[in-house]
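Notes for the structure review
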Amino acid sequence: MATAAALLLPPLLLLWVPPPARGFSLPLQRPGDCGDARYFDISQLSCGSCGPNQKRSAGGERAAVVHVYACQDIGWFLIMVGPLLFVKNAQKIWCVRCEQTFISVSKSCDCSSPNLLTGGLCFGAGESLPPKGIATVRFGQVGVTLTSAWFLKNLQASASACWLYSNLTACQALGNMCVMNMNSLSSSSTDACSLFQYIYANTARLGIVHSIAFWRHNLPWLYYGDQPGLASQVLETNHLPTVFSFKGKSEDVKLQFIAASYDAAGNFLKWQSLEGGLLQLCPDTQTKLNAAYVFGTTYEQSCKISVSKILLDFSHPIFYDLFFEYNDDNGQRYLWAVPVLNLNLQYSEMYVNKGSSMNSWLLTRRFFLVDTLSGRENDLGKLPRIIRVASKITISIRLVSHTRKGTIYPPLITVAYTDVLVQDPDTQSVMVSFSVRYEMSQSEARIQTDITLGVLGGLAVLWSLLRTAGWKRRTGSSVIDLQTVLKFLLFYAGDLANVFFIITVGTGIYWLVFFKAQQFVSVLLPLPTQEKAFVTYIACAFSLKAVQFLQLLVSQLTVDIFFIDWERPKGRVLKAVEGEGDVKSAAAPVSIWRTYFIANEWNEIQTVRKINPLFQVLAVLFFLEVVGFSNLALMDSSSSLTRSSESYVAPWSRVLRFGVSAALWLAIAFLQIIFFAVFYERFVEDKLSQFVDLCCVSNISVFLLSHSCFGYYIHGRSVHGHADTNMEEMNMNLKREAENLCSQRGLLPNTDGQMFQISISRKMRLQYDRIHETLTRRRGPARFLDSSANSFEQSTRAYNTMNRFLASFIDHVHKEMDYIVKDKLLLERILGMEFMEPIEKSIFYNDEGHSFSEVLYYGNETTLLIFDILFFSIVDLASQSFVLAAILTYLQQEIFRFIRNTVGQKNLTSKTLVDERFLI
C-alpha cells in the first residue's frame, strides 16, 4: 500500500502535455442524435457503437443484452439475467438481478471470502485493486474534517469499478467525489482526487478523447495540468472561432453556454443551457436572468439565501461541465470547453488559485452549485452537518487585443465556495453572487496615458516656469526666494490639474464614444479594478484644481483698488471754521455719491460669471436624469437613452459616468458662453462694458493693482469735465457725445482706449504704498458718528492725497514717475507676460478686451468651470448619485460666492474708504 500511495500523485508535468493549437473543441452531440444502433458515451459526450452482445439501453447508454424468462409467480413475466435474487413481501415475490460484479466473481449473489465486498460490489481476491481511499472530507473554512457517509459507501467501490472494469458511471462518480473535495491535490493522503490521479496515471494506454491531452478515455476531464504557465496557454493561446457584435443576429450578440450535467452517482442527466438561471442561485425574472448572456453586458446579481431553502432545493448535488457553443464555417455546432478557476482548490496544502499570477493557477473543469451530500455523517438520510455553496461565480470574457471583429479568448468561470456549519437552517443564510465581466488588455491604453501625461506634464512645467517668470516681473522682484518656489508650485498645481483634467475627460469621452457606438467589438470597458488609476487622476485633478481655486480666491480678495474722482469743485462756498467762530471761503464740496455708485457696481460684478451656475446645474441634471443620458454610463452594449422597467440594469461604469457628466457640463457651458457672448451681451446686457461706461459718465477712473507692480486701469474721466450735474445737462452731454461734438473718451487724445494693463515702476509703487499706509490705518466708520475727529480727518486727508496723486500720475505731472502707452507684442499676449521691465517709466498697455476681469470671477470662468466639473464628478463617483452631486455642487458654488462677495466687499471698503453701509 505504501508503494501504491507513493504513485498516487506522479508529476503531472510528465503526464500532461500542452494542448494542441486547435484548442479544446469537440462536436456537439446529444443522446437523441445517436439513433438505435449507437449509444451516448457519457465519458466522451459523444455517440459510440455498441460492442458484441450489447445494445442501446432505454436511457441511451450502453447495456448488456438481456434475455426474458418467464417466472411463474402470480402471472408476472420477470426480467432475468443470470442469477436472480428473490425478494419477498406480504403480497408478492419478485426477482432482482444481482450486481454484475457478483456474477463475474462468484457466479452467484454471494460475495464470500476470500472475495472482497465493498460499496455493494464484489471484487475477486486476486484482482489488483487501487489503493485504499480515505472517506474524510476537509471543510477548511469552518475547521472541520468529517467522515462522509457518501464517501464511505461509494469511494472505494467507484475507484475499483473504474479501475478494473472502466465502468463509465463509476468513473464519473469518482470524479464527482474529487470535485466535492475541491479538486485539491496532495501527496500525503489517498483521498478521492488521489485515487482519480492514480487511475489517470495508469490508464495512459487507453488514449485521449477529442485530441485533448487532458481527457482520458472512460474518465471525466477534471484537470488542465499543473505546468508553470499552462493556464496562460489555455486562456490566451487560442481564441474562439466566432465573432461578436453589439448589433446583429442573436448568435452574434449572445453568449451561448451549454452544460453537461451529472448527478452524484455519475449518471449523465442532460445538456442544459445556462439561460433561465441555471447557475444563478438568486431568483429573478427570466428577462433579467438571461441578460447575463447578452454580449457586452456586465452582469452582477447578489442576494441572501436561507440555509433551509438551500436544503430544500438542493437535496442532491448536480455537477456541470461547462462549454461554449458555436457554429463552424459549415454550420456544424461545436463546443469549446470552458475552464474553471476554483478558488478553494489546494495544491500541496496551498491555495494556488487565489493569487493574481496566472502562471500559478491550476485550472479544472467540473463544478457544482451546492453540495449537501458530502457533509452527511453516518446516515445519508439525515441533515448534513456542513454544506458547501458556490457563493461567488464569475464568468470572465476577455477580448483579443487589436481585434476588429469582436474575437474573444476562451471564457473563464471563477468559483468560490463557502462552507456553512448547519445549526439552525431557518435562521442561517448565505450571501451568494453571480456576475459576468468583460475585460481587455489595458496595457496599451496605460502606455498611451503615461506618454500623454509625461508630455503634457513636461509642458506644464515649462508653462509654470514662464508664468513664474511673468509673476516675478510683475512683482518687481528678481531674487529667487522661498516665495518664488511656492508660487511656482501653485502655478504648477493649477497647470497639472488641467493636464489631469484633459486626460480624464479625453479618456471618458473616448470610452463613451468608442464602446457605445461600435458594432463589431474592438474595445471593452476597463474593469472596476482597472479604473483605479482613472479615479486617482480625477482625485489629483480635483485636489490640485482646488488649490488653484483657493489661491485665486485669496488673490482676488486682496487686490489693491482705488477710485479716482476727476470731478472738480464748482465755485466756492462760505464755511464756518470750527472753534474759531470765523467764516471763510472754501471750495464747493464734490459729491461722494458717484464714488459710492461705482463702488456698488464694482461690488455687484465681483462674482458675475459667463454662465448661469444654477441653470448649468439644473440643465446637466435634467439631461442626465430626465432625458436619460445617465443610461449611457451603464456597462452594457445598449446606447438607448431609455430603459424599460422589466429590463436588467447593468452596473455603472465610473469611466462612463465621468465621460457623460463631463461632456454634458462642457457642452452646456459652451452653449451658454456662446449665447452669452453672441446674443446676451450684445442685445441684452454687458455688465463689464456697462461698468466702463458708468465710470466715464460718473467721471471716475478705476486703478487696480493685482500684483506689486502690475494691474489694470479703467479711464473714466468725463469728456465733459463734470458729471455732478442735473438731468437736463447730463442728457445734453450724452447727446453731444453721440453726435461726436466733443472729444473721445480715450486716455490719449483722439482715441477710444479706456482700458489698460499697467506695469508700474518701483518708484511709483513705493509712493503708492506710503500714501496707502495712512489710508488703511482706519478701515471706515462703524457708525456715522462713532469715530474720533482726528482719525476721520486723517483718513479723509489720506483719501484726498491718494486721489490727487493718482490723478496727477495719470496727467503726467510727476516726470520722475511718468508712463508711456504702447501695444503688447503678440507673443506677450500669448504668454501672458511682459518682456519690458518698467525701470524708469511705467508702461500702460492698450487693452482691447476687458482684461481687468482677471481680478473677477468673470475672467476666470475656465478655472471655475473645471473646478465645478471636478467637484460634481468627485461627489458622484463617491455616492453614485447625480442628484446629490448636483445639489452639493450648487451649494459649494453659493458658499464660495458668498465668501467672495463678503470678503471682497470688506477689501473694497478697506482699500477705497467707501463706507460698507452704502454697499448694497
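Cut-offs used in this document
Residues numbered from 1 in each chain as written. Predicted model: local features only at pLDDT ≥ 70, side-chain atom pairs only at ≥ 80, totals over all residues. Heavy atoms only, no water. Salt bridge = Lys/Arg side-chain N within 4 Å of Asp/Glu carboxyl O. Helix = DSSP H or I, 4+ residues; strand = E, 2+ residues; numbered from the N terminus. Buried < 20%, exposed > 50% of the residue type's maximum accessible area, 1.4 Å probe, protein only. Polar contact = N/O pair within 3.5 Å; in protein donor to acceptor, adjacent residues only side chain to side chain. Contact = heavy atoms within 4.5 Å.

Now for the pattern of salt bridges. Tallied over the entire structure, the rule returns 26 salt bridges. A salt bridge links Asp-313 to Lys-309; the shortest N-O distance between them is 2.9 Å. Pair noted here: Asp-313 and Lys-309 are both in helix H10 (residues 307–313), with a separation of four residues, about one helical turn. Given the relative accessible area of 42%, Lys-309 is considered partly exposed. Across the pair Asp-693 and Arg-745 runs a salt bridge, and its minimum N-O distance is 3.1 Å. Taken together, the positions of Asp-693 in helix H17 (residues 687–698) and Arg-745 in the loop between helix H18 (727–738) and strand E32 (755–759) put the pair 52 residues apart, joining distant regions of the chain. Arg-745 sits in the buried class, given a relative accessible area of 15%. When salt bridges that share partners are traced, they join Asp-560, Arg-765, Asp-769 and Lys-911 into one network.

Time to look at the side chain of Gln-346. For Gln-346, the position within the fold is in the loop between strand E21 (340–342) and strand E22 (366–368). Side-chain polar atoms of Gln-346 contact the side chain of Tyr-351, separated by 3.3 Å. In contact with Gln-346, not counting residues within four places along its chain, are Ser-184, Leu-185 and Tyr-351.

We now examine the environment of Ser-360. In this structure, Ser-360 sits in the loop between E21 and E22. For Ser-360, a relative accessible area of 35% translates into the label partly exposed. The spatial distance from the C-alpha of Ser-360 to the C-alpha of Gln-227 is 8.6 Å, given a sequence separation of 133 residues. Among all residues touching Ser-360, those that are not within four sequence positions of it are Val-352 and Asn-353. Of the polar contacts made by the side chain of Ser-360, one reaches the backbone oxygen of Val-352; its length is 3.4 Å.

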